[in-house]
Amino acid sequence: WESPVSTGDDNLQSMLVGTVMRKIKSRTWKKQRYFKLQDDCMTIWYKSKKAGNAHSTFSVNDVEAIREGHQSEVLLSIADEFPADRCFTLVFRSRRSNLDLVAESAEEAQSWIKGMRKLIESLENMGEREKLDQWIGDWFKKADKNNDGRMNFKEVQDLLRMMNVDMNEHHALRLFMMADKSQTGSLEDDEFVLFYKMLTEREDILRVFQEYSTDGQKLSQSDLEDFLREEQLERGDVHQHAQQLIEGYEPSDTAKLLKAMTFDGFLMYLGSSEGSIFNPQRRGIFQDMTRPLCHYFISSSHNTYLMEDQLRGQSSVEGYIRALNRGCRCVEVDCWDGANGEPIVYHGHTLTSKILFKDVVNAVLNYAFKVSEYPVILSIENHCCVEQQRVMAQHLNHILGDKLLKSTLEGKVSSRLPSPEDLKGKILVKAKKIGGLEENCNGILGDSFTGLVSDEDEAAEIDEENLHRDSRLSKELSDCVVYCKSVHFISFRHSQSHFKFYEVTSFTESKARKHLREAGAEFVCHNSRQLTRIYPTGFRTDSSNFNPQEMWNAGCQIVALNFQTAGEGMDLNDGLFSQNGQCGYVLKPSFMRDNEKRFDPDMPQKRDDYQPVVLTIQVISGQQLPKVNIKKDSIVDPLVRVEIHGVPMDQAKQETRYIENNGFNPVWYDTLHFTIHAPELAIVRFVVEDYDKTSKNDFVGQYTLPLSCMQQGYRHIHLLSRDGTSISPSSLFVHVRIKDLE
């Protein structure tokens, strides 16, 4: 890995020397810290100026972005004291809190901003191989306790423990002696790399390689084609693909000239994104984006303003930025009357802190379309008086300008919702509205508005309730609502006969479950025509999440989760929306979009085009699983659980056995089988746990993806942390088969 410093960059040079900056936590907590880039150009080290105090470090790898100026609440609060050109914020990938800094001068701030960006960019451009060498180098530095640039056997043993390798002394010593080419009793840089390579021998991949290699030394192009066809089940131009793989992954130029792949090249291919379990063709946008909005699942957040729990947590504009940057397309804004006529956002009647409505709208404007150009819905829960509702409307109009959707497209009412494609770059407001769309459009009515009324009394009752409610709404705020009018749900029968495509109903998770139990097929049918929002029940004060899958089974589009809370619910959300360009919209299966079809999630076998599949997963091995217990000597006893989340008939979990004391390269070769009745809805979650016979197993890592995005054959699964961030180079190696059930 060529460090960017070697290119003589002035910014990096000054970061290597180090700088005193103020770390800001609040208006009153502003302390000087000495910041310095370590020589590895990967680690930032900082400590307080007082002698003897402990220092902290973080890796450049963990920094997701640098924001210049007063771009965080903390820095905004001290804007009068420090000018914007000296301020910047480091945003971290996991749920770690941001670092707000003020440099002594604008030049020093620029030097850190530009330098950090350069480091992040060079890391992003690093190939898998370089990342691994970099990772090995990092460990070497950690273990070389006396900094003499070489490692004796004791240092190597300590290192193995740090790396979660339980290796018996005899085995480790044998490898050590073999790697110590210079016979000095210690390993230097390249000797350590050799030691590590011997340590990470991949017997499991070698088996596969030798099975397909004609001469046991290399895969000729036709050997590789056989492998791609027979094992990876590739269709299409396999000849050309094999050529591309040799070109892209084979490190040896000699082998390239022979149109062949060595074992090293084969390892590189299987460790790459093409060798991963997620089908690269489904990474980008591949779905039809021109269907009505209600035909998509929409990535949605609940209590977006909260960073922690719901009783005394921090409310923050950061919640909106994080959710939007994760591809969320529907955020919740809980509005209450604030001081000086300014509406505020917080969790009403609790001790959570308060933020200004206009700051939220600004954050939405700035981050709405950074990762996806498809529309964002602001789900407004309005507790404000009419005056402050007017102020809300002013902020929406003034701040969002032409990004705010104010009227129907082309000024006419159709009979169905517009598509994500039609609404690119637009922000929609979901809230209560006075009257319907028809009044806004000079009386141009589509046929679908006649609406059959089955029960006169019922209808009269609703009109009365609407009149009563409307009198508490400001016309200005009502006018900001076009395609997402919040209405009160009465019954599926009523919704069908009074059908208005722009009406949105909201249910708590428990209400939704009740409807699912009593009328699953009607729920699916309702959702083929209009939008439904589901949110967690009030008693989840810890901001825990429900399982979104049962709501998707009913075709509910806006399934709102607490994005701030890691765990199974968010893993499933991340899994479903990891496809289609991570744009926050995923097209529902065709049988859920057609209201003639009558799909019942409880009885998938009644479907016309019912075709169940059998999923077979052989869990072969694991690589470099992270340590979970900080306890010095504990090493993982890993097991793998595969979970299927789908319609009730498909919900299933199976586990491998556990392997004792080996987080480094456990080998299972355990095979698990699942029958799946609605494959289009199934999501597969791989969880690695540390087995504990006396207490609950510890979580090690996970990876979640839709069954429809899985590649077959020999695949690596690159594990993620509880937060959904990468824990490279931890992985699982598996073999996957999906066959129609005969």
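For clarity, every value in this text was computed on a predicted model and none was experimentally measured. (Residues numbered from 1 in each chain as written. Predicted model: local features only at pLDDT ≥ 70, side-chain atom pairs only at ≥ 80, totals over all residues. Heavy atoms only, no water.)

Give me the UniProt feature "domain: PI-PLC Y-box" (unreviewed entry) in the protein chain: which residues, what numbers.
According to UniProt, the "domain: PI-PLC Y-box" (unreviewed entry) feature falls on residues 477–593. Here residues 477–593 is 37% helix and 17% strand, with 32 Å between the C-alpha atoms at its ends. (UniProt positions renumbered as here; feature names shortened; annotations may be inferred. Helix = DSSP H or I, 4+ residues; strand = E, 2+ residues; numbered from the N terminus.)

Lay out the nonpolar core in plain terms, naming residues and giving numbers.
Residues Y320, V333, F357, I380, L396 and F523 are the most contacted members of the largest nonpolar core, which totals 66 residues. The biggest single contributor to this core is helix α14 (residues 357–367), with six residues. Beyond its immediate stretch of four places on either side in the chain, V333 contacts Y320, V345, F357, V360, L378, S379, I380 and E381. (Core = buried A, V, L, I, M, F, W, Y, C linked by side-chain atoms within 4.5 Å. Buried < 20%, exposed > 50% of the residue type's maximum accessible area, 1.4 Å probe, protein only. Contact = heavy atoms within 4.5 Å.)

Give me the lowdown on the pairing of strand β16 (residues 376–382), citing residues and values where you can.
Where burial is concerned, most of β16 is hidden: five out of the seven residues are buried. Note: strand β13 (residues 330–336) against β16, six bridges, orientation parallel. The partner of C330 across the bridge, within β16, is I377. Across four bridges, the pairing between β16 and strand β17 (residues 427–430) is parallel. The partner of L378 across the bridge, within β17, is V429. This β-α-β element, β16 to helix α15 (residues 386–400) to β17, shows right-handed connectivity. (Pairing = 2+ DSSP bridges. Right-handed = clockwise from strand over helix to strand, strands pointing away.)

Which residues make up the pairing of β13, and what values go with them?
Counting buried positions along β13 yields seven of seven residues, so the element is predominantly enclosed. Across the two faces of β13 the burial is the same, with C330, E332, D334 and W336 and V331, V333 and C335 all buried. Across two bridges, the pairing between β13 and strand β14 (residues 344–345) is antiparallel. Bridge assignment links W336 to a residue of β14, and that residue is I344.

Let's hear about empty space enclosed by the protein: which residues, and what values?
Enumeration over the complete set of coordinates arrives at two cavities of 30 Å³ or more. Every residue lining the largest cavity is listed: A521, V524, C525, S528, F591, M592, D594, N595, R598 and F599. Residue classes in the lining of the largest cavity are distributed as six nonpolar, two polar and two charged. (1 Å grid on protein atoms, 1.4 Å probe; cavity = no way out; pocket = protein on both sides within 12 Å on 5 of 7 lines; lining within 4 Å. Points joined across faces, edges and corners; volume = space filled by probe spheres on them. Nonpolar A, V, L, I, M, F, W, Y, C, P; charged D, E, K, R; others polar.)

Quick one: what's the story with the packing of helix α13 (residues 317–325) against α14, residue by residue and with numbers?
The geometry of α13 relative to α14 is characterised by a closest axis approach of 9 Å and an angle of 25° between their N-to-C directions. As far as their axial angle goes, α14 and α13 are roughly parallel. Crossing handedness for the pair α13 and α14: right-handed. Residues V317, Y320, I321, L324 and N325 of α13 form the contact with α14, whose participating residues are D359, V360, A363, V364 and Y367. (Axes fitted to C-alpha atoms, helices over the stretch in contact; angles between N-to-C directions. Parallel < 35°, antiparallel > 145°, perpendicular 65-115°, else oblique. Left-handed = near helix turned anticlockwise from the far one by under 90°.)

Residue-level account of unusual backbone geometry, with values.
Generally, phi is negative for residues other than glycine and the peptide bonds are trans, each holding for most cases. Phi angles above zero are rare outside glycine, and L233 is one such case at about 50°. Tracing the backbone through its elements, the reader meets L233 in the loop between α9 (221–230) and α10 (238–249). Positioned with a positive phi, S543 is a non-glycine residue whose angle comes to about 65°. Structurally, the position occupied by S543 is in the loop between β20 (532–535) and α21 (549–553).

Requested: an account of the sheet that holds strand β1 (residues 19–24), with residues and values cited.
Spatial strand order, β4-β3-β2-β1-β7-β6-β5: seven strands in an open sheet with antiparallel pairing. Looking at strand neighbours, the two that pair on one side only are β4 (55–59) and β5 (63–68), the edges of this open sheet. For this sheet the average axis-to-axis angle between neighbouring strands, irrespective of direction, equals 35°. Of the strand pairs in this sheet, β5 and strand β6 (residues 87–92) are connected by five bridges, and their pairing is antiparallel. The residue of β6 that forms the bridge with V63 is F92.

Give a description of the environment of R86 that names residues and reports values.
For R86, the position within the fold is in the loop between α2 (73–77) and β6. Sequence separation between R86 and E104 is 18 residues, and the spatial gap between their C-alpha atoms is 6.9 Å. R86 has contacts with R22, L101, V102, A103, E104, S105, A106 and A109, leaving out every residue within four places of it along the chain. In terms of polar contacts, R86 uses its side chain to reach the backbone carbonyl oxygen of A103, at 2.8 Å. (Polar contact = N/O pair within 3.5 Å; in protein donor to acceptor, adjacent residues only side chain to side chain.)

Residues and numbers for helix α22 (residues 568–576), please.
With seven of its nine residues buried, α22 lies for the most part within the structure. By the burial criterion, the buried members of α22 are G569, M570, D571, L572, N573, G575 and L576.

Quick one: what's the story with the packing of α14 against α15, residue by residue and with numbers?
At their nearest, the axes of α14 and α15 sit 10 Å apart, and the two run at 30° to each other. One way to sum up the angle between α14 and α15 is to call them roughly parallel. Where α14 crosses over α15, the handedness of that crossing is right-handed. For the pair α14 and α15, contact is made by F357, K358, V361, N362 and L365 and by M392, H395, L396, I399 and L400, respectively. Here the contact of α14 with α15 is built from residues that sort into seven nonpolar, two polar and one charged.

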